[in-house]
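Secondary and tertiary structure notes
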Amino acid sequence: MLELLQTLCRIDGVSGCEDAVGDYIRAWVTPYADSVTEDVMGNLLCYKKGVRHSGRTLMLAAHMDEVGLIVTSITDDGFLRFGTSGGIDEKVLLGTRVRIGDVRGVVGVRATHLNTPEEEKTLPEVRAMYIDIGAASKEDAEKRVQPGDFAAFDNEPMFYGDMLKAKAIDDRVGCAVLMKLLREGPPVDMWFVFTVQEEQGLRGARPAAYRIRPDLAIVVEGTTAGDIPDVKGAMKACVAGRGPVIPMMDSATLYDPVLVQRALEIAERAGIPCQTKTYIAGGTDAGAISRTAGGAKTLGVAAAVRYIHTPASSVAVADLEPMYRLVRTLCENAERL
Amino acid sequence: MNYIETIRELAEITAPSGFEKAVTDRLAELCKPYASEITLDPLGTLLVHKKGSGKKTLLTAACDTSGFIATYIDDDGFVRVGELGKCIPSACVGLPIRFQNGTRGVIGCDGGVEVKDLRARHLYIDTMGETVRVGDACAADLPTYASGDSIVSPAMNRACCAVLLDVLQRYTGDGDVTFAFTAQGMLGGRGASPAAYAADAERAIAVELTTAGDTPESESRSKVKLGEGAVLPVSVGGTAANLGLIAELEACGVTRRAVDERGQSALLGLQGVRAGVRACVAGIAARYSGVMTIARVSDMQQTAELLLAAL
Amino acid sequence: MHAYQYHTKGGVVLNFRKTIGALSQPPGVSGYENDVAESARVLLEPLCNRVETLPLYPVVGVRDSAKPGAPRVLLDAHIDQIGFIVTGYEDTEGPVGGFVRIAACGGFDPRTLPAKEVIVHAPCGRLHGIVACLPPHLKNPDAPPRAAIPLKDLSVDLGMPAARVRELVPLGTPVTVKAEPFGIGGDFIGGAALDDRACFAAILYALELLKDEPLPVELIAVGSTREEVDGRGAATAAHHTRPDYAVAVDVTHAGTPDAPKERTVPIGSGAAIGIGPHLNRRVSSTLVRIAQAQNIPHTREILPSFTGTNASVMQTVRAGIATGLVSLPLRYMHTGCEVIREHDAKACGELLAAFVRSFNEGVPRC
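This part covers the environment of methionine 333 of chain C. In this structure, methionine 333 of chain C sits in the loop between strand S18 (322-330) and strand S19 (338-341). A tally of 21 C-beta atoms within 10 Å means that methionine 333 of chain C is categorised as buried. The sequence separation of methionine 333 of chain C and proline 114 of chain C amounts to 219 residues, and the corresponding C-alpha distance is 17 Å. In this view, methionine 333 of chain C contacts Ala111 and His113 of chain A together with Asp195, Val251, His253 and Glu338 of chain C; residues no more than four positions away in its chain are not counted.

Glancing now at the interface of chain C and chain A. Reports of interface size often rely on the accessible area that becomes lost once the parts have come together. Taken together, the contacts link 57 residues of chain C with 65 residues of chain A. Of all the elements in the fold, those that place two or more residues in the side of chain C that touches chain A are strand S9 (125-131), strand S10 (156-160), strand S12 (182-184) and strand S13 (188-191) of chain C. For the side of chain C that touches chain A, the leading source of residues is S10 of chain C, giving 4 residues. When grouped by side-chain class, the residues that make up the side of chain C that touches chain A number 27 nonpolar, 19 polar and 11 charged.

Residue and element names in this part refer to chain B. In space, the 6 strands of this closed barrel follow the order S4-S5-S8-S7-S6-S9, with antiparallel pairing throughout. Geometrically, the sheet is characterised by an average inter-axis angle of 45 degrees between neighbouring strands, direction not taken into account. Sheet analysis places strand S6 (residues 96-99) next to strand S9 (residues 137-140), joined by 3 bridges and oriented antiparallel. Its bridge partner lying in S9, phenylalanine 99 is registered against cysteine 138.

Moving on, we come to the interface of chain C and chain B. Each partner contributes to the interface: chain C provides 21 residues, whereas chain B provides 21 residues. Elements with a contribution of two residues or more to the side of chain C that touches chain B: strand S6 (83-91), strand S7 (98-105) and helix H5 (232-241) of chain C. Looking at the side of chain C that touches chain B element by element, the count peaks at 5 residues for H5 of chain C. Each residue belonging to the side of chain C that touches chain B can be placed in one class, and the counts come to 10 nonpolar, 8 polar and 3 charged.

Okay, the arrangement of the chains next. Across the 2 pairs of chains that are in contact, the largest number of contacts falls between chains A and C. A gap remains between chain A and chain B, which never touch, and the nearest two C-alpha atoms on either side lie 13 Å apart.

Cut-offs used in this document
- Every residue gets a number counted from 1 within its own chain, in the order that chain's sequence is written.
- For this description, chains carry letters from A and ligands carry numbers from 1, given in the order in which they are written.
- Per-residue local features are limited, in this predicted model, to residues with pLDDT of at least 70; the limit for side-chain atom pairs, both in listing and counting, is 80 or more; totals at the level of whole chains, interfaces and linings are taken over all residues.
- Numbering of helices and strands runs from the N terminus, with a helix taken as a DSSP run of H or I at least four residues long and a strand as a DSSP run of E at least two residues long.
- Think of it as a crowd count around each C-beta: if 20 or more other C-beta atoms lie within 10 Å the residue is buried, if 12 or fewer it is exposed, and in between it is partly exposed, with C-beta placed from the backbone throughout.
- Contacts are defined on C-beta atoms placed from the backbone: any two residues whose C-beta positions lie within 7 Å are in contact.
- When residues are grouped by polarity, Ala, Val, Leu, Ile, Met, Phe, Trp, Tyr, Cys and Pro land in nonpolar, Asp, Glu, Lys and Arg in charged, and all others, Gly among them, in polar.
- Paired strands are those between which DSSP finds at least two bridges.
- Between N-to-C directions, angles span 0 to 180 degrees; the directions come from axes that are lines fitted to C-alpha atoms, helices contributing only their stretch in contact.

Okay, structure coming up:
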């Protein structure tokens, strides 16, 4: 799964333009799935019969999109103005390398020497930032990119210490878990849904859930870990290396407490280390799925990801296998949830 | 060598930056039996040369303390001052001081000034009517004493001088060693480059105080503790030490590395002369650089041992 | 043939990106340049009669003159880069809770650090890390919007348990932002530490251009150190070699949408020739005259006082030196990713070679 995760992270699929990721996943799962459908928004809905039928409609969801930038206009000197697609903090944009297809660029900022001490203390707004693609002029830039093009973070997956860093771990890690479970054969009949535009506000999940009407949905995600220096106690949310996270609540969803309790018990019985989120932050497709049409019971399983929504998002390698095992084990015990 | 006695004797000599003669005179006497040649350079640094056929090394220690110089005497006899070395004005209010001529006084400050706005120009010295002339210099008039293995002193630079003395007295090798008791260290290591230029050594080691980080809410990231022995800062006040020289010293004894972001040091002055010199600092952990400083005798002794092994 | 250049029909071409890359591989943080000095020495050796490295690690290569008693001309570019050193350990809970704190060596813009990849140059080898930052979801909603985080509040994540970090990373270990040079568009080059390795490459290019001709001067090529902190590398190198003329080659601010036009030069405008009190008037005039006569793209940069380069440092060494300054336009100086144009670096190299050749007609004059 480690290899698959790295491959998925290398593909660019900024919220609103997930095609490349969708194409790859579709080609990969088609030999194993009973059916693969792409809906009008671009969601991939895959169905596979399991070893048994659970008596309920069960759905796993992971989103294909990643946060990134969209080109809004081109300046007279050939620089690109942009907006963000998905929540990106200004402070990780300056000096960051991006790519628009094959066109490489960097988000520039004037040298500190040209700032007053007051200006030093505040970062520019996104609309005052620009991407430098080494264009000699506006015409030169227009030959290579257009307003409306998407820019993804430009870097390669890399291991450091016991961690893996790659852009888009949120939520290619979820996609990888779904793909692996599909290939190995799920314990019960299940829908595997690869959604789009989660980062734009859970937009793809809504029509997907409307079509499928699940009784139970498990959303497999990456969740924000704040276990870095100067962050105290509960504010850390979760800790990298302590296993997958089963959240009780986030900003979009209040998970059914009974369901969460049962899930934790199943995990403990199976000897899978896991943790829960100590701070209410972040939202997932569960927020949309649990409230679409007549509603659905939902559960979340997430990997603790440091530096989420930055080019340097990172996950503890040791957390990946337990995460897969947990999702698989929950599916095996679907009737008890 | 009895460290506490030596340091106490040296610390009681009033000799702030620019006015080091009183202490360099005494140091010259103490060095005489062991040196080939003793000279005073134009800035007031005492250069003690022990000739040898081997490697040329320069060891330095600042011999001055911070203090004040009388700049103006008002009609009521209160003495306005300039800083000799940076002071923390609020820490100086009420401080007893002594001038080089023996006159004693207490530092006061202008009324109506908020603590955070206090500067040196708000301070004055109350000598209770005793005479002082413009241009006279003074330093803190506080005792130096021992407490267990620790020494408490307002003039802890003199402990660095004691380490140099200890090494000078015990060194019997054939290396060519210059011991420089530098002037104006508290003004930013000013005595360092002329001394380094004159000594023209292959390597230079400055014995200095290193900021300890073992006090409550300390901002120091390296967390140097008292009692850990010799400290070898890789960087002091933003100036890099020579890592090769640090490695040579590390091979001679038990040491620890640190990064001293705040300290002021002779390092830059020692390194940048002529075609450049390999230099580093042998640090003695010390708490509080305001009025009274605390350091451990065991740290000083271990530093001396390290230098002896390295020479 | 030199590994980093290839000959074309018309003449010599230096592979700037590869050369800068060769200098960017080993660490060379200001004050700790022993490794990059070695790379610089290797690059200089084929082009000089002799090369030596001084105690503060500046690398000095000398090409003798054909004429005895010829004037000495020094060309300097600094090979140190801004970076950081490890100042302390910061443990958080959990199995991958080992972080370190860092302090600056040189003026890196801390606003461009969060989430960047860094390399920790530990004794056991290069360790990769990430500059830790809080994600938007966990930001304090009451904090001022878009507040920049000062360096002292940042830390580096090594992805390891705290105990292993203490074992592998001693205090004072240098840290650099990871960025091999890369191409963007046309002949633009991006990367960290283009300041000032791109200019050292320009000096190498000049040496290549002069390779096969006898020189009217003793030419001293210096890869200096510590420019970003105290300039002692160039000062001690100049003290040691006693040049009559010393031209510093450094970077200057190139125009960007958010920078005032009057304080920058356009990228693509060639070499910026410095004029001002810290620079000898005869040298500056000669550089301008040569650039005009030989159609080398250039602009004039007026520097009212401290030039911010080794030129100011070298002017007062020993009994004084006649200094000059040739600058390469560079965008995003001191951030994690700087940008230059090869066109401009070549212009600098050509101008330096032309300056050396000009001594055939006489010494610099107004």
